[in-house]
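Structure assessment
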Amino acid sequence: MFFFLFKVSANGSELISLLLLIPSKMKIPSLLLRFPRCYFSRRTCLTSFHFTSRADFPCIESLTPVHPYRTKWICSSNSLRRELCQQAAPDQQIEGLSDKEQRLVDRLYSGLIQGHRACLAEAITLVESTQSRKKKIAQVLLQKVLSYHREQEKLNQGKPLAFRVGLSGPPGAGKSTFIECFGKMLTERKYKVSVLAVDPSSSTSGGSLLGDKTRMTELSRDMNAYIRPSPTRGTLGGVTRTTNEAILLCEGGGYDVVLVETVGVGQSEFAVADMVDMFILLLPPAGGDELQGIKRGIIEMADLVAINKADGDLIVPARRIQAEYVSAMKLLRKRSKVWRPKVMRISAKTGEGISDMWDKMTEFRDLMLTSGELIAKRRKQQKVWMWNLIQENMLEHFRSHLAVKDKIPLLEEKVLSGVLSPGLAADLLLKAFKDGL
Ligand SMILES: Nc1nc2c(ncn2[C@@H]2O[C@H](COP(=O)(O)OP(=O)(O)OP(=O)(O)O)[C@@H](O)[C@H]2O)c(=O)[nH]1
């Protein structure tokens, strides 16, 4: 037997929340977990569900509150259960999952939004899976997390739940030292921080540049931080899919700042710039020659350039590099009406400038938010995400299609030996694919 409490607004028109009292050791009924508009956080013996409007639950139309915070017992578990069953939106209904898979989704979803790190880790592993069945389960989970997101953002007056920050820089720029220092500063200020390290090298070299366990040792022990290396299987599409989804899961897990780290010498940072609110480039105090690996385009994407290691003997070169970047960035095309990219000096080792950098970052976020640019950017990113996924899946589908699979090596060989032009080979493959559809 459960008991329900409703909290209503002063004029009675808004249902603020529904509290469901469940003994702390009792399992949350899976039916409630499945319902897309149910949100809960277990507090000792209380589990609360938040709804945005009374319209969500017509059965309480007759409720007349006398006090803004008046609570009222309203119905038994059975009547709410009936209503939940009727209201589950068709697009949210989970079809084709076995009971076991359904239980997995429910468990991960409930653990995730209650902030359990183990569930977040398991959920990210699920979205990273390449197995088609697991991919399907992951999509169901993500859909639930997305609905949760939407509702939480509504409750937050439309403001995004988390600040998504991309961080890139060449190897040795001091990224891990910076994240350790920056992350600790944020957790001390009571923020929850997650770090997703996108490491395109891990699939090809077998080793991991960013996933190294010795990096960020202090932060990884911090209960308010979550660090996750994210292998991408070498494809850009892999970065897009798994990282975007991991960001969403971290936000669902209640992380206020989601930091996405890339090495800065490949293509992945371009993909990452398309999924974050702010893109930061971390550079060592070194001149052009030493930074050859850094692509020019990356500098153009930066909202903030931080020249690291501005301490000791390196202060002078750091000042010089800062001045160089300030003038170089003046020549870049303006990407925002409210923000001009900044160049700052910091020292991840001494912590100097890190707090100022956070101030600049929040200034950026606030300006972008009030001007509407942040929301517009996120919307655009959703579209880019969709098309990147289509591109990736289409290519996979194309390569493995029976009509072309066997022809590919032969035609590639002919193109390599110069017998066939690339254009003609592509036409032949595309025709075979279309005919085989
Ligand atoms: N003087 C000084 N050294 C620093 C600073 N930040 C990092 N370092 C040093 O720079 C070296 C590289 O730092 P990391 O944090 O490992 O750099 P990274 O960018 O994560 O490098 P990868 O893991 O190779 O990508 C280490 O020896 C750090 O001690 C800084 O602010 N000042």
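Residues numbered from 1 in each chain as written. Predicted model: local features only at pLDDT ≥ 70, side-chain atom pairs only at ≥ 80, totals over all residues. Heavy atoms only, no water.

Per an unreviewed UniProt entry, the recorded name for the chain is Metabolism of cobalamin associated A, and the organism is Buteo japonicus. Under the heading Subunit (unreviewed entry), UniProt records this for the chain: "Homodimer. Interacts with MMUT (the apoenzyme form); the interaction is GTP dependent." Quoted verbatim from the Catalytic activity (unreviewed entry) field of the UniProt record, the comment on the chain reads "GTP + H2O = GDP + phosphate + H(+)". (UniProt positions renumbered as here; feature names shortened; annotations may be inferred.)

This paragraph deals with the pairing of strand β6 (residues 163-168). Across the six residues of β6, six count as buried, placing the element largely inside the fold. The alternating pattern of β6 places Phe163, Val165 and Leu167 on one face and Arg164, Gly166 and Ser168 on the opposite face, and all of these are buried. With six bridges joining them, β6 and strand β9 (residues 257-262) adopt parallel strand pairing. The partner of glycine 166 across the bridge, within β9, is valine 260. With four bridges connecting them, β6 and strand β10 (residues 278-283) associate as parallel partners. What sits directly across from serine 168, in β10, is leucine 281. (Buried < 20%, exposed > 50% of the residue type's maximum accessible area, 1.4 Å probe, protein only. Helix = DSSP H or I, 4+ residues; strand = E, 2+ residues; numbered from the N terminus. Pairing = 2+ DSSP bridges.)

In this section: the environment of glutamate 218. Tracing the backbone through its elements, the reader meets glutamate 218 in helix α8 (residues 217-221). Of the residues examined, glutamate 218 reaches a relative accessible area of 42% and is grouped as partly exposed. As a C-alpha pair, glutamate 218 and lysine 184 span 34 residues in sequence and 8.1 Å in three-dimensional space. The contact partners of glutamate 218, leaving out residues within four places of it in the chain, are Glu180 and Lys184. (Contact = heavy atoms within 4.5 Å.)

A separate point is a nonpolar patch on the surface. On the surface, Met386, Trp387, Ile390 and Met394 cluster together to form a nonpolar patch covering roughly 390 Å² of accessible area. You can see tryptophan 387 is positioned in helix α14 (residues 373-400). Its relative accessible area of 46% is what places tryptophan 387 among the partly exposed residues. (Patch = residues over 30% accessible without salt bridge, like charges linked within 9 Å, V, L, I, M, F, W, Y side chains within 5 Å. Areas by Shrake-Rupley, 256 points an atom, 1.4 Å probe, with all protein chains shown as cover. Salt bridge = Lys/Arg side-chain N within 4 Å of Asp/Glu carboxyl O.)

Attention now moves to the confidence of the model for the chain. Considering every residue of the chain, the mean pLDDT works out to 76; 69% of them sit at 70 or more. Per-residue pLDDT, averaged within each element of the chain, yields its smallest value for strand β5 (residues 71-73) (34) and its largest for helix α13 (residues 354-371) (96). In the predicted structure, residues 21-25 sits below a pLDDT of 50 and forms 15 contacts with residues beyond four places in sequence or in another chain. Predicted confidence for residues 202-211 stays below pLDDT 50, and this span has 24 contacts to residues more than four positions away or in other chains. Confidence estimates for the predicted assembly give a pTM of 0.73 and an ipTM of 0.96. (pLDDT = per-residue confidence, 0-100.)

Quick look at the packing of α13 against α14 now. One can describe the packing of α13 onto α14 by two numbers: an axis separation of 4 Å at closest approach and a directional angle of 85°. With respect to each other, α13 and α14 are oriented roughly perpendicular. Of the residues in α14, those touching α13 at Phe364, Arg365, Met368, Leu369 and Ser371 are Glu373, Leu374, Ile375 and Lys377. In terms of residue class, the contact of α13 with α14 is built from five nonpolar, one polar and three charged. (Axes fitted to C-alpha atoms, helices over the stretch in contact; angles between N-to-C directions. Parallel < 35°, antiparallel > 145°, perpendicular 65-115°, else oblique. Nonpolar A, V, L, I, M, F, W, Y, C, P; charged D, E, K, R; others polar.)

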